[in-house]
Amino acid sequence: MNRRYRKTIIAGNWKMNKTPSEARQLIDELKPLISKAKWCEVVLCVPYVDIPVALRALKDSRIAVGAQNMHHEESGAYTGDVSASMLKDLGVKYVIIGHSERRAYYHETDTLVNQKVHLALKTGLRPIVCVGETLEQRDQGVTLDLITVQVKAALSGVSAEKLRQIVFAYEPIWAIGTGRTATSEQAGEVGASIRTTIRKMYGARAARSVTIQYGGSMNAANAHDLLAQLDVDGGLIGGASLKAADFAAIVQAANQ
Ligand code: 13P
(Lines give C-alpha, C1' and ligand atoms only; values in the text may rest on other atoms or scores of the structure.)
Protein backbone atom coordinates (compact mmCIF):
# COMPACT_ATOMS: atom_id res chain seq x y z
CA MET A 1 0.00 0.00 0.00
CA ASN A 2 1.07 3.55 -0.58
CA ARG A 3 -0.64 5.86 1.88
CA ARG A 4 0.75 9.00 0.32
CA TYR A 5 -1.51 8.84 -2.68
CA ARG A 6 -4.47 6.66 -1.84
CA LYS A 7 -6.65 5.31 0.94
CA THR A 8 -6.25 1.81 2.30
CA ILE A 9 -9.68 0.21 2.39
CA ILE A 10 -10.51 -2.98 4.27
CA ALA A 11 -13.95 -4.25 3.30
CA GLY A 12 -15.82 -7.27 4.57
CA ASN A 13 -18.04 -9.12 2.12
CA TRP A 14 -20.45 -11.12 4.24
CA LYS A 15 -21.98 -12.75 1.14
CA MET A 16 -25.26 -14.56 2.01
CA ASN A 17 -24.52 -14.86 5.71
CA LYS A 18 -26.01 -13.36 8.90
CA THR A 19 -29.64 -12.62 9.62
CA PRO A 20 -30.40 -9.08 10.82
CA SER A 21 -30.19 -10.22 14.47
CA GLU A 22 -26.90 -11.97 13.83
CA ALA A 23 -25.64 -8.89 11.99
CA ARG A 24 -26.37 -6.72 15.01
CA GLN A 25 -24.52 -9.16 17.24
CA LEU A 26 -21.45 -9.34 15.00
CA ILE A 27 -21.26 -5.56 14.65
CA ASP A 28 -21.58 -5.12 18.41
CA GLU A 29 -18.62 -7.47 18.84
CA LEU A 30 -16.65 -5.79 16.09
CA LYS A 31 -17.09 -2.14 16.97
CA PRO A 32 -14.95 -1.95 20.10
CA LEU A 33 -12.22 -3.98 18.39
CA ILE A 34 -11.71 -1.59 15.51
CA SER A 35 -12.51 1.77 16.97
CA LYS A 36 -8.93 2.89 16.54
CA ALA A 37 -8.75 2.36 12.77
CA LYS A 38 -6.95 5.52 11.80
CA TRP A 39 -5.09 4.78 8.60
CA CYS A 40 -7.63 2.83 6.73
CA GLU A 41 -11.25 3.02 5.84
CA VAL A 42 -13.35 0.07 7.00
CA VAL A 43 -16.46 -1.07 5.13
CA LEU A 44 -18.97 -3.85 5.79
CA CYS A 45 -20.75 -5.11 2.66
CA VAL A 46 -23.75 -6.85 4.16
CA PRO A 47 -26.83 -8.55 2.67
CA TYR A 48 -29.57 -6.11 1.62
CA VAL A 49 -31.85 -6.97 4.52
CA ASP A 50 -29.06 -6.33 7.04
CA ILE A 51 -28.36 -2.82 5.75
CA PRO A 52 -30.78 -0.90 8.05
CA VAL A 53 -29.54 -2.79 11.11
CA ALA A 54 -25.90 -2.25 10.13
CA LEU A 55 -26.41 1.47 9.51
CA ARG A 56 -28.09 1.92 12.87
CA ALA A 57 -25.44 -0.06 14.72
CA LEU A 58 -22.60 1.81 12.99
CA LYS A 59 -24.10 5.30 13.20
CA ASP A 60 -21.55 6.63 15.68
CA SER A 61 -18.57 4.76 14.21
CA ARG A 62 -16.19 5.32 11.31
CA ILE A 63 -17.20 2.07 9.65
CA ALA A 64 -19.12 2.49 6.39
CA VAL A 65 -21.81 0.20 5.03
CA GLY A 66 -21.74 -1.29 1.55
CA ALA A 67 -24.03 -3.48 -0.54
CA GLN A 68 -22.97 -6.59 -2.45
CA ASN A 69 -24.83 -5.85 -5.68
CA MET A 70 -27.36 -3.53 -7.33
CA HIS A 71 -29.46 -3.59 -10.49
CA HIS A 72 -28.12 -1.96 -13.64
CA GLU A 73 -31.31 -0.02 -14.41
CA GLU A 74 -32.48 2.94 -12.37
CA SER A 75 -35.95 1.53 -11.65
CA GLY A 76 -38.70 -0.50 -13.24
CA ALA A 77 -40.28 -3.91 -13.54
CA TYR A 78 -37.46 -6.04 -12.12
CA THR A 79 -39.16 -8.16 -9.49
CA GLY A 80 -36.95 -8.92 -6.55
CA ASP A 81 -34.17 -6.50 -7.43
CA VAL A 82 -32.72 -3.51 -5.63
CA SER A 83 -31.74 -0.20 -7.23
CA ALA A 84 -28.76 2.07 -6.69
CA SER A 85 -31.00 4.95 -5.53
CA MET A 86 -32.64 2.71 -2.91
CA LEU A 87 -29.20 1.93 -1.49
CA LYS A 88 -28.12 5.56 -1.63
CA ASP A 89 -31.30 6.69 0.10
CA LEU A 90 -30.66 4.27 2.97
CA GLY A 91 -27.16 5.66 3.53
CA VAL A 92 -25.06 3.03 1.79
CA LYS A 93 -21.66 4.29 0.59
CA TYR A 94 -20.10 1.41 -1.35
CA VAL A 95 -21.39 -1.32 -3.62
CA ILE A 96 -19.55 -4.41 -4.82
CA ILE A 97 -19.90 -4.81 -8.58
CA GLY A 98 -19.01 -7.80 -10.72
CA HIS A 99 -18.03 -10.21 -7.96
CA SER A 100 -16.92 -13.49 -9.53
CA GLU A 101 -19.83 -15.28 -7.85
CA ARG A 102 -22.24 -12.96 -9.66
CA ARG A 103 -20.33 -13.32 -12.91
CA ALA A 104 -20.46 -17.12 -12.56
CA TYR A 105 -23.93 -17.78 -11.11
CA TYR A 106 -25.86 -14.87 -12.63
CA HIS A 107 -23.95 -14.56 -15.89
CA GLU A 108 -22.90 -10.98 -15.29
CA THR A 109 -20.76 -9.81 -18.18
CA ASP A 110 -18.14 -7.06 -18.49
CA THR A 111 -20.74 -4.97 -20.32
CA LEU A 112 -23.22 -5.30 -17.45
CA VAL A 113 -20.48 -4.51 -14.95
CA ASN A 114 -19.74 -1.31 -16.88
CA GLN A 115 -23.43 -0.35 -16.87
CA LYS A 116 -23.57 -0.85 -13.11
CA VAL A 117 -20.38 1.16 -12.60
CA HIS A 118 -21.90 4.11 -14.47
CA LEU A 119 -25.15 3.93 -12.52
CA ALA A 120 -23.39 3.60 -9.15
CA LEU A 121 -21.23 6.65 -9.92
CA LYS A 122 -24.21 8.66 -11.13
CA THR A 123 -26.07 7.79 -7.92
CA GLY A 124 -23.17 8.67 -5.64
CA LEU A 125 -22.19 5.15 -4.60
CA ARG A 126 -18.54 4.06 -4.67
CA PRO A 127 -18.22 0.88 -6.76
CA ILE A 128 -15.84 -1.85 -5.62
CA VAL A 129 -15.21 -3.50 -8.98
CA CYS A 130 -14.06 -7.13 -8.79
CA VAL A 131 -11.77 -8.67 -11.38
CA GLY A 132 -9.97 -11.99 -11.39
CA GLU A 133 -8.98 -15.13 -13.25
CA THR A 134 -9.81 -18.82 -12.92
CA LEU A 135 -7.11 -21.35 -12.12
CA GLU A 136 -7.25 -22.58 -15.71
CA GLN A 137 -6.62 -19.07 -17.01
CA ARG A 138 -3.71 -18.60 -14.61
CA ASP A 139 -2.20 -21.90 -15.74
CA GLN A 140 -2.59 -20.81 -19.36
CA GLY A 141 -0.61 -17.65 -18.56
CA VAL A 142 -3.38 -15.25 -19.60
CA THR A 143 -4.04 -13.66 -16.20
CA LEU A 144 -2.71 -10.17 -16.89
CA ASP A 145 -4.30 -9.97 -20.36
CA LEU A 146 -7.66 -11.10 -19.03
CA ILE A 147 -7.61 -8.66 -16.13
CA THR A 148 -6.63 -5.82 -18.45
CA VAL A 149 -9.72 -6.61 -20.53
CA GLN A 150 -11.92 -6.65 -17.40
CA VAL A 151 -10.51 -3.36 -16.10
CA LYS A 152 -10.81 -1.59 -19.47
CA ALA A 153 -14.38 -2.80 -19.90
CA ALA A 154 -15.39 -1.72 -16.39
CA LEU A 155 -13.95 1.76 -16.99
CA SER A 156 -15.32 2.27 -20.48
CA GLY A 157 -16.78 5.79 -20.71
CA VAL A 158 -15.86 6.69 -17.10
CA SER A 159 -14.45 10.22 -16.74
CA ALA A 160 -11.14 10.94 -14.98
CA GLU A 161 -13.04 12.92 -12.40
CA LYS A 162 -15.27 9.95 -11.50
CA LEU A 163 -12.39 7.47 -11.56
CA ARG A 164 -11.35 8.54 -8.05
CA GLN A 165 -14.57 7.08 -6.68
CA ILE A 166 -13.81 3.60 -8.01
CA VAL A 167 -12.09 0.89 -5.99
CA PHE A 168 -10.75 -2.22 -7.73
CA ALA A 169 -10.57 -5.61 -6.04
CA TYR A 170 -8.30 -8.24 -7.53
CA GLU A 171 -9.88 -11.54 -6.57
CA PRO A 172 -8.35 -14.64 -8.15
CA ILE A 173 -11.27 -17.06 -8.37
CA TRP A 174 -9.09 -20.00 -7.31
CA ALA A 175 -8.31 -18.24 -4.04
CA ILE A 176 -11.89 -17.42 -3.02
CA GLY A 177 -13.15 -19.52 -0.13
CA THR A 178 -10.50 -22.14 -0.82
CA GLY A 179 -7.95 -21.28 1.83
CA ARG A 180 -5.46 -20.97 -1.01
CA THR A 181 -4.24 -17.37 -1.02
CA ALA A 182 -2.34 -15.78 -3.86
CA THR A 183 1.25 -15.13 -2.84
CA SER A 184 1.91 -11.51 -2.02
CA GLU A 185 4.04 -11.33 -5.18
CA GLN A 186 1.16 -12.60 -7.32
CA ALA A 187 -1.24 -10.10 -5.72
CA GLY A 188 1.31 -7.31 -6.11
CA GLU A 189 1.98 -8.17 -9.74
CA VAL A 190 -1.69 -8.05 -10.70
CA GLY A 191 -2.24 -4.90 -8.62
CA ALA A 192 0.61 -3.21 -10.49
CA SER A 193 -0.77 -4.37 -13.81
CA ILE A 194 -4.22 -2.95 -13.00
CA ARG A 195 -2.59 0.38 -12.15
CA THR A 196 -0.62 0.33 -15.40
CA THR A 197 -3.84 -0.17 -17.34
CA ILE A 198 -5.44 2.75 -15.51
CA ARG A 199 -2.32 4.86 -16.10
CA LYS A 200 -2.46 4.23 -19.82
CA MET A 201 -6.11 5.31 -19.86
CA TYR A 202 -6.03 8.28 -17.45
CA GLY A 203 -2.39 9.23 -16.79
CA ALA A 204 -0.07 8.67 -13.84
CA ARG A 205 -1.64 11.12 -11.43
CA ALA A 206 -5.11 9.67 -11.68
CA ALA A 207 -3.80 6.11 -11.56
CA ARG A 208 -1.88 6.51 -8.34
CA SER A 209 -4.96 7.71 -6.46
CA VAL A 210 -6.98 4.54 -7.11
CA THR A 211 -7.29 1.99 -4.30
CA ILE A 212 -6.66 -1.59 -5.45
CA GLN A 213 -7.64 -4.31 -3.00
CA TYR A 214 -6.79 -7.98 -2.89
CA GLY A 215 -9.42 -10.61 -2.04
CA GLY A 216 -9.28 -14.39 -1.72
CA SER A 217 -8.66 -16.23 1.56
CA MET A 218 -7.16 -13.11 3.11
CA ASN A 219 -6.81 -13.55 6.86
CA ALA A 220 -5.06 -12.25 9.93
CA ALA A 221 -1.97 -14.35 9.21
CA ASN A 222 -1.38 -13.30 5.59
CA ALA A 223 -2.79 -9.75 5.59
CA HIS A 224 0.43 -8.07 6.64
CA ASP A 225 2.50 -9.52 3.79
CA LEU A 226 -0.18 -8.90 1.18
CA LEU A 227 -0.63 -5.29 2.29
CA ALA A 228 3.13 -4.72 2.17
CA GLN A 229 2.90 -4.83 -1.62
CA LEU A 230 2.95 -1.37 -3.17
CA ASP A 231 -0.14 -2.02 -5.26
CA VAL A 232 -2.22 -3.87 -2.68
CA ASP A 233 -4.11 -1.08 -0.94
CA GLY A 234 -6.52 -3.08 1.14
CA GLY A 235 -8.59 -6.21 1.17
CA LEU A 236 -11.99 -7.56 0.28
CA ILE A 237 -12.54 -10.23 2.86
CA GLY A 238 -15.12 -12.99 2.79
CA GLY A 239 -14.87 -15.78 5.38
CA ALA A 240 -12.64 -13.93 7.83
CA SER A 241 -15.03 -10.96 7.92
CA LEU A 242 -17.64 -13.15 9.62
CA LYS A 243 -15.57 -13.41 12.79
CA ALA A 244 -15.07 -10.18 14.72
CA ALA A 245 -11.59 -11.00 16.01
CA ASP A 246 -10.31 -12.14 12.60
CA PHE A 247 -11.63 -9.13 10.75
CA ALA A 248 -10.34 -6.76 13.42
CA ALA A 249 -6.90 -8.35 13.14
CA ILE A 250 -6.84 -7.64 9.40
CA VAL A 251 -7.82 -4.01 10.04
CA GLN A 252 -5.03 -3.90 12.62
CA ALA A 253 -2.53 -5.17 10.04
CA ALA A 254 -3.62 -2.38 7.69
CA ASN A 255 -3.25 0.18 10.45
CA GLN A 256 0.38 -0.56 11.18
P1 13P B 1 -12.85 -15.39 1.06
O2 13P B 1 -12.12 -14.36 1.89
O3 13P B 1 -13.85 -16.18 1.84
O4 13P B 1 -11.92 -16.22 0.25
O5 13P B 1 -13.74 -14.55 0.00
C6 13P B 1 -13.15 -13.56 -0.75
C7 13P B 1 -14.21 -12.83 -1.48
O8 13P B 1 -14.81 -13.37 -2.40
C9 13P B 1 -14.52 -11.46 -1.05
O10 13P B 1 -15.34 -10.83 -1.96
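Reading the values: rules and limits
Residues numbered from 1 in each chain as written. Predicted model: local features only at pLDDT ≥ 70, side-chain atom pairs only at ≥ 80, totals over all residues. Heavy atoms only, no water. Near = heavy atom within 4 Å. Polar contact = N/O pair within 3.5 Å; in protein donor to acceptor, adjacent residues only side chain to side chain. Areas by Shrake-Rupley, 256 points an atom, 1.4 Å probe, with all protein chains shown as cover. Nonpolar A, V, L, I, M, F, W, Y, C, P; charged D, E, K, R; others polar. Buried < 20%, exposed > 50% of the residue type's maximum accessible area, 1.4 Å probe, protein only. Helix = DSSP H or I, 4+ residues; strand = E, 2+ residues; numbered from the N terminus. Pairing = 2+ DSSP bridges. Phe/Tyr/Trp six-rings, centres within 6.5 Å; stacked < 30°, edge-to-face > 60°. Lys NZ or Arg CZ within 6 Å of the ring centre and 35° of its normal. Expected span 1.5 Å × (residues − 1). Axes fitted to C-alpha atoms, helices over the stretch in contact; angles between N-to-C directions. Parallel < 35°, antiparallel > 145°, perpendicular 65-115°, else oblique. Left-handed = near helix turned anticlockwise from the far one by under 90°. Contact = heavy atoms within 4.5 Å. Salt bridge = Lys/Arg side-chain N within 4 Å of Asp/Glu carboxyl O. Core = buried A, V, L, I, M, F, W, Y, C linked by side-chain atoms within 4.5 Å.

A. Spotlight on the site of the ligand. Neighbouring the ligand are the residues Asn 13, Lys 15, His 99, Glu 171, Ala 175, Ile 176, Gly 177, Gly 216, Ser 217, Leu 236, Gly 238 and Gly 239. The backbone of Gly 177 places a nitrogen or oxygen atom 2.7 Å from an oxygen atom of the ligand. Contact with the protein chains removes 95% of the 310 Å² of surface that the ligand exposes when unbound. Looking at the shell around the ligand, its residues break down into three nonpolar, seven polar and two charged.

B. Representation of the pairing of strand β7 (residues 211–214) within the structure. Here β7 shows two buried faces, one formed by Thr 211 and Gln 213 and the other by Ile 212 and Tyr 214. Judged from the four bridges that link them, strand β6 (residues 167–170) and β7 form a sheet pairing that is parallel. Counterpart to Tyr 170 in the pairing with β7 is Tyr 214.

C. Just the packing of aromatic side chains, in detail. Scanning the entire structure with this criterion turns up one aromatic pair. Against the face of Tyr 106 rests Arg 102, its NZ or CZ located 4.1 Å from the ring centre.

D. The pairing of strand β1 (residues 8–13), seen in detail. When you tally the buried positions in β1, you get six out of six residues, the bulk of the element. The side-chain alternation of β1 yields two buried faces, one formed by Thr 8, Ile 10 and Gly 12 and the other by Ile 9, Ala 11 and Asn 13. Looking at chain direction, β1 and strand β2 (residues 40–45) are connected through six bridges and run parallel. Opposite Asn 13, over in β2, you have Cys 45 as the bridge partner. As defined by bridge partners, β1 adjoins strand β8 (residues 234–237) across four bridges and the pair is classed as parallel. When the sheet's bridge partners are listed, Ala 11 is paired in β8 with Leu 236.

E. Region of interest: the environment of Leu 155. Among the structural elements, Leu 155 can be located in helix α7 (residues 143–155). Assessed through its relative accessible area of 1%, Leu 155 is described here as buried.

F. Looking closely at helix α9 (residues 184–202). Across its 19 residues, α9 extends 26 Å between first and last C-alpha, which sits within 8% of the 27 Å expected from 1.5 Å per residue. Inspection of α9 places Ser 184, Ala 187, Gly 188, Val 190, Gly 191, Ser 193, Ile 194, Arg 195, Thr 197, Ile 198 and Tyr 202 among the buried residues, and these make up the whole buried set. Count one or two residues on from α9 and you reach Gly 203, which has phi positive near 95°.

G. Molecular detail of the packing of α7 against α9. Running from amino to carboxyl end, α7 crosses α9 at an angle of 45°, the nearest separation of the two axes being 10 Å. Comparing the axis directions of α7 and α9 gives the class oblique. Crossing of α7 over α9 shows right-handed handedness. Here Thr 143, Leu 144, Ile 147, Thr 148, Val 151, Lys 152 and Leu 155 of α7 come into contact with α9, specifically with Glu 189, Val 190, Ser 193, Ile 194, Thr 197, Ile 198, Met 201 and Tyr 202. Tallied by class, the residues present in the contact of α7 with α9 amount to nine nonpolar, four polar and two charged.

H. Summary view of the pattern of salt bridges. The final tally for this structure, using the stated rule, is 13 salt bridges. Salt-bridge contacts for Glu 41 lead to Lys 7; the nearest nitrogen and oxygen are separated by 3.5 Å. Highlighted residues: Glu 41 in strand β2 and Lys 7 in the segment before β1, separated in sequence by 34 residues. What makes Lys 7 partly exposed here is its relative accessible area of 45%. The closest approach of N and O atoms between Glu 133 and Arg 138, which form a salt bridge, is 2.7 Å. Both residues of the pair, Glu 133 and Arg 138, belong to the buried class. What emerges from the salt-bridge pattern is a single network uniting Arg 6, Arg 195, Asp 231 and Asp 233.

I. Summary view of the nonpolar core. Counting residues in hydrophobic clusters, the biggest one holds 70 residues, and the most contacted among them are Phe 168, Ile 194 and Ile 198. Of the residues forming this core, the biggest block, seven residues, is contributed by helix α12 (residues 244–255). Once residues within four sequence positions are removed from consideration, Phe 168 is found in contact with Val 129, Val 131, Val 151, Ala 154, Leu 155, Ile 194, Ile 198, Val 210, Thr 211, Ile 212 and Gln 213.

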